[in-house]
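Inside the fold
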Amino acid sequence: MRAAGIEVWFDQSELRGGDVWDQTIRRQIRECALFVPIISANAATRPEGYFRLEWSLAEERTHMMSRNKTFIVPVCVDSTPEAGADVPDSFLRAQWTRLPGGETPPAFADRIKALLGTAAPVARQPGEAAARPPVAPGQSRAGRRYGGLVLAAALLLAIVIVIVKPWQLFSRPGAAEPAAALTSPGSAQTQKSVAVLPFTDMSEKHDQEYFSDGLSEELIDVLSKIPDLRVPARTSSFSFKGKSATIGEIAHALGVTHVLEGSVRKSGERMRITVQLVRADNGFHVWSQTYDREVRDIFAVQDDITHAVAVQLKAALLTPSLAVETANQTTSMEAHNLYLKARYLAGRDTSEDLHQAVLLYEQAIALDPQYAQAWAWLSYAHIRLIAQGGETNSAANHEQVVAAAKRAVELNPDLPEGYSSLATANLQFERNWAVASQALGKAAAIDPNNSVLNQIRGHLSAATGAPGEPVAHFRLAVDADPLNMLPRKYLGRALYYQRQPAAAVTELTRAIELNPQFPGLHYELGRALLQQNQPDAAITAFEAEPDPTWRQNGLALGYFGAHRLKDAQAAVATFAAHPGGGEFQIAESYAFLGQADKAFEWLERARTQHDPGLIWTRNDPLFDSIAADPRFAAFLKLTGLPPAQKGN
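Residues numbered from 1 in each chain as written. Predicted model: local features only at pLDDT ≥ 70, side-chain atom pairs only at ≥ 80, totals over all residues. Heavy atoms only, no water.

What follows covers unusual backbone geometry. Excluding glycine, most residues fall at negative phi; most peptide bonds, likewise, are trans. Positive phi, close to 65°, is recorded for Asp349, a residue that is not glycine. Topologically, Asp349 is positioned in the loop between α12 (333–346) and α13 (351–367). A relative accessible area of 2% means that Asp349 is categorised as buried. Backbone geometry at His563 places phi at a positive 65°, although glycine is not the residue there. (Helix = DSSP H or I, 4+ residues; strand = E, 2+ residues; numbered from the N terminus. Buried < 20%, exposed > 50% of the residue type's maximum accessible area, 1.4 Å probe, protein only.)

Here it is, written out as structure tokens:
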């Protein structure tokens, strides 16, 4: 890797133990950009060892990181299986790189460079960077030398020390930048844009992090409702928490010209909150203000500061005469802490994390039944669980989603997420397009730039609109929250259904570079590659998919595309034996395999099971083989879907 120009720190017994050794390794783990643990049977047989503490320290650091941050890059130098491996959980959630015997092909260095956003374009199949590097029969001198280092590290560890900057992924050669970032800083469009960073807890005891995070989130919610002001959503702004990024780099990544940052310092019963608005192009402060408050009612302080900052910011960027209203917050600090933890977990979008988020939302609501935000996001967490197959789309779960969304609206009619969840419930279960559209209209009247709103608009237009409409809505969702992988995944899917595979590959590859562990991204990439008639590259992408259900489904498609008919049939049969909410995807697979009767059988199962995937039926390329069958038009009519449309 050093020969490839990558800065590496490697403990090769140069440090002899003691405090200096301990402090040095801790510093390297704290400051490095990628952590590369070397896994082998040799390490597995050691019940104790300093390397296990190092592994633990690296995993602890991931708890402070955004879910969009790739940090752990496990490398296995033998045939040690992942199942049952005695390694931290974060090592199992990451895709292992297999380098038997420590032999390291150039593709490994390319993979590391891709993660760092420093790689020049490499001539290889799309999706290869995300897969396990192949073992080349002949290695360069540099490759053989690094293989030796890997073997030495089997008892210790290797750490790659380079700067991983998410914003560099937008500026590397050939990469597209966010739309707003392409506009000159002085233009009217970007002049009215600001990113709110997580406020820093500078208290003596460092025990105000949740208050500082909550203050930042409240500011994002309030400012995003101001007309003519573009504010990136929480997921994107919070991805820079704990990072050593400059104002200019953050602004470039998020496509804004101003950044709002601040700090919270609590001492005894007094709290000092400092806020400053900074221009990204020159680093000058537009304004700064310090607020001193008595901490009698921490949420009254939060509302007070939010209102004051919003007024100041509008005076600096917009028209100061517009009224500023803050959303109703909870009065329970413990409930708010639970809510913030739930938002973080739900953003990972795995069934396991979503289940945990639901429990946390429910605990927050038990502490404060009037907590509108918790009700709204509880509803949305159930929606995502249904979409991921973690819950069935049953009448009982549908009522649960609707009840939570309605409660959120009752408590706070100005909360767009409540209306968006009501719209989604009608999309997923009732297939009542008119009611869904009405609910989305109410959300749009509150916050037309809301990322969740535009995401659900994309789904509604997939069910009822012209083929090109979903792409436009998902692009708006990505623009509002550029480091949130869910709208990026749906953008790639919409481009696939619009039969624009090259554009889909571009969008999905970029998303995978940002977060290779986000469920479904490799599956969507594989389908787009199949559409480009690249079955081998598609199989590679499917194999790299971290979610087992999406992986199994994708492999059935990939094997058939590669003319591995027996493997394809076996994969579909395995998937059909345990559908896990994937009835629609099984129907797609059978249609792709040319088995029309099976495809219609599973489409009917998907309809009776209220499978959310049905909204994509009309223009699905995987249904091309049955689109002319009279049963297909009859099915669309029975499902309440308009006839299929062609073109853009």
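Resuming the write-up.
Attention now moves to the packing of helix α17 (residues 433–446) against helix α18 (residues 451–464). Interhelical geometry of α17 versus α18 gives an angle of 155° and a closest axis separation of 11 Å. Here α17 is positioned roughly antiparallel relative to α18, judged by the angle of their axes. As for how α17 packs across α18, the hand of that crossing is left-handed. Residues Trp433, Ala436, Ser437, Leu440, Ala443 and Ala444 of α17 form the contact with α18, whose own contacting residues are Leu453, Ile456, Arg457, Leu460, Ala463 and Thr464. Of the residues contributing to the contact of α17 with α18, the split by class is nine nonpolar, two polar and one charged. (Axes fitted to C-alpha atoms, helices over the stretch in contact; angles between N-to-C directions. Parallel < 35°, antiparallel > 145°, perpendicular 65-115°, else oblique. Left-handed = near helix turned anticlockwise from the far one by under 90°. Contact = heavy atoms within 4.5 Å. Nonpolar A, V, L, I, M, F, W, Y, C, P; charged D, E, K, R; others polar.)

Let us look at the pattern of salt bridges. Taken as a whole, this structure holds 18 salt bridges when the rule is applied. Between Asp349 and Arg384 there is a salt bridge; the shortest N-O distance is 2.9 Å. Residue Asp349 is found in the loop between α12 and α13, and its partner Arg384 is found in helix α14 (residues 372–387); the two are separated by 35 residues along the sequence. Owing to a relative accessible area of 5%, Arg384 belongs among the buried residues under this scheme. The partner of Arg488 in a salt bridge is Glu507, and the shortest N-O contact between them spans 4.0 Å. Linking Arg488 in helix α20 (residues 485–497) with Glu507 in helix α21 (residues 501–514), this pair joins segments that are 19 residues apart in sequence. Glu507 matches Arg488 in its accessibility class, with the two residues each being buried. Each of the salt bridges in this network shares a partner with another, and the network as a whole consists of Arg475, Arg488, Glu507 and Arg510. (Salt bridge = Lys/Arg side-chain N within 4 Å of Asp/Glu carboxyl O.)

All told, the structure shown has 14 aromatic pairs when counted by the stated rule. With centroids separated by 6.4 Å and ring planes inclined at 25°, the aromatic side chains of Phe474 and Trp616 adopt a geometry described as stacked. With Phe474 in helix α19 (residues 469–480) and Trp616 in the loop between α27 (596–608) and α28 (630–639), the pair connects residues that are 142 residues apart, well separated along the chain. Relative accessible area serves as the criterion here: at 0%, Phe474 is assigned to the buried category. On the accessibility criterion, Trp616 (6% relative accessible area) is buried. Aromatic side chains Tyr497 and Trp616 sit 4.9 Å apart centroid to centroid with 25° between the ring planes, which places their arrangement in the stacked category. You can see Tyr497 sitting in helix α20 and its partner Trp616 sitting in the loop between α27 and α28, a full 119 residues away along the chain. There is no split in this pair, since Tyr497 and Trp616 are both buried. Over the aromatic face of Phe238 sits the side chain of Arg234, whose NZ or CZ is 4.5 Å from the ring centroid. Taking the ring centre of Trp602 as reference, the NZ or CZ of Arg605 above it sits at 4.0 Å. (Phe/Tyr/Trp six-rings, centres within 6.5 Å; stacked < 30°, edge-to-face > 60°. Lys NZ or Arg CZ within 6 Å of the ring centre and 35° of its normal.)

Here the focus is the pairing of strand β11 (residues 285–294). As defined by bridge partners, strand β10 (residues 270–279) adjoins β11 across nine bridges and the pair is classed as antiparallel. When the sheet's bridge partners are listed, Arg272 is paired in β11 with Asp292. Remark: five residues form the turn of the hairpin made by β10 and β11, two consecutive strands paired antiparallel; Gly283 in that turn has positive phi of roughly 75°. (Pairing = 2+ DSSP bridges.)

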